[in-house]
Amino acid sequence: MKENQSYETTSKVSVAENKTLTKEQYRKKMQRRKEVQDQRIADASLEKGLIVVNTGNGKGKTTASLGMVLRSLGHGYKVAIIQFIKGAWEPSEKKAFSFWKDNGQLEFHAMGEGFSWETQDRDRDIEKAQAAWNKGLEYIRDPEYKLVLLDEINIAIKLGYLRVEEVLAGLEEKPERNHIILTGRGAPQSLIERADLVTEMSLIKHPFRDQAIKAQPGIEY
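The rules behind each value
Residues numbered from 1 in each chain as written. Predicted model: local features only at pLDDT ≥ 70, side-chain atom pairs only at ≥ 80, totals over all residues. Heavy atoms only, no water. UniProt positions renumbered as here; feature names shortened; annotations may be inferred. Helix = DSSP H or I, 4+ residues; strand = E, 2+ residues; numbered from the N terminus. Axes fitted to C-alpha atoms, helices over the stretch in contact; angles between N-to-C directions. Parallel < 35°, antiparallel > 145°, perpendicular 65-115°, else oblique. Left-handed = near helix turned anticlockwise from the far one by under 90°. Contact = heavy atoms within 4.5 Å. Nonpolar A, V, L, I, M, F, W, Y, C, P; charged D, E, K, R; others polar. Phe/Tyr/Trp six-rings, centres within 6.5 Å; stacked < 30°, edge-to-face > 60°. Buried < 20%, exposed > 50% of the residue type's maximum accessible area, 1.4 Å probe, protein only. Lys NZ or Arg CZ within 6 Å of the ring centre and 35° of its normal.

Which residues make up the UniProt feature "domain: Cob(I)alamin adenosyltransferase N-terminal" (unreviewed entry) in the chain, and what values do they have?
Annotation from UniProt places "domain: Cob(I)alamin adenosyltransferase N-terminal" (unreviewed entry) at residues 22-41. For residues 22-41, helix accounts for 95% and strand for 0%, while the C-alpha atoms at its two ends are 29 Å apart.

Right under this line is the structure:
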């Protein structure tokens, strides 16, 4: 949150400064910025597979991850999606991605049975989470799958259905150039420290919480 506040403050200062510049001053400023960015791109020569964590209380963690899935599919890569909590209802995403599933490019496994207050059976929740993790490990270890999305796995860890140590050990088994995305609120600190890219979704307003507006097709599911 402090980083966001710092970025917002810097952005406001930059906007104020830009308004006072002449066209020529602005052009020179942007030229210098371009030179800096071009140098950063030139220096970024390392290629490696990423461990990505999308966490936080805000909406959009899975949605953002599915954007990466779509990009990977567009490049012709093989992708696997494992859903740890969702699964009691048929996700519309599964229908939308049916083209790639049918041609063998995408594997989609909705292995949960709903949220804990719906299932009300901790032992079965643990059993289903472990089964989902074992399925995810199959794809993590398979070099053909460029991207593996472990959707809502952070919640499974937070609820004690999976041990974070077990997950961290499994992440080390991925091929060097392959990517893994882990979503869900409450990502443990050890997972955040291990990840290469971490995004925290902040909740500012939510229609369900603030206005009692129910979940709607195309927005929540």
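Tell me about the packing of helix α7 (residues 122-141) against helix α9 (residues 164-171), residues and numbers included.
Two quantities define a packed helix pair, namely the angle between the axes and the distance from one axis to the other. At a minimum axis distance of 10 Å, the contact between α7 and α9 shows a crossing angle of 15°. As summarised for this structure, α7 and α9 are arranged roughly parallel, according to the angle between their axes. As for how α7 packs across α9, the hand of that crossing is right-handed. Residues Gln 130, Trp 133, Leu 137 and Ile 140 of α7 form the contact with α9, whose participating residues are Glu 166, Val 167 and Gly 170. The residue makeup of the contact of α7 with α9, split by class, is 4 nonpolar, 2 polar and 1 charged.

Could you give an account of the packing of aromatic side chains, naming the residues involved and the relevant values?
Scanning all chains against the criterion turns up 3 aromatic pairs. Ring centres 5.9 Å apart and planes at 55° place the aromatic pair Phe 97 and Trp 100 in the tilted group. Given the relative accessible area of 8%, Phe 97 is considered buried. Taking the centre distance of 5.5 Å and the plane angle of 85° together, the rings of Phe 99 and Trp 100 count as edge-to-face. What links up through ring pairs into an aromatic cluster is the set Phe 97, Phe 99 and Trp 100. Above the face of the Tyr 77 ring, Lys 146 is positioned so that its terminal group lies 5.4 Å from the ring centre.

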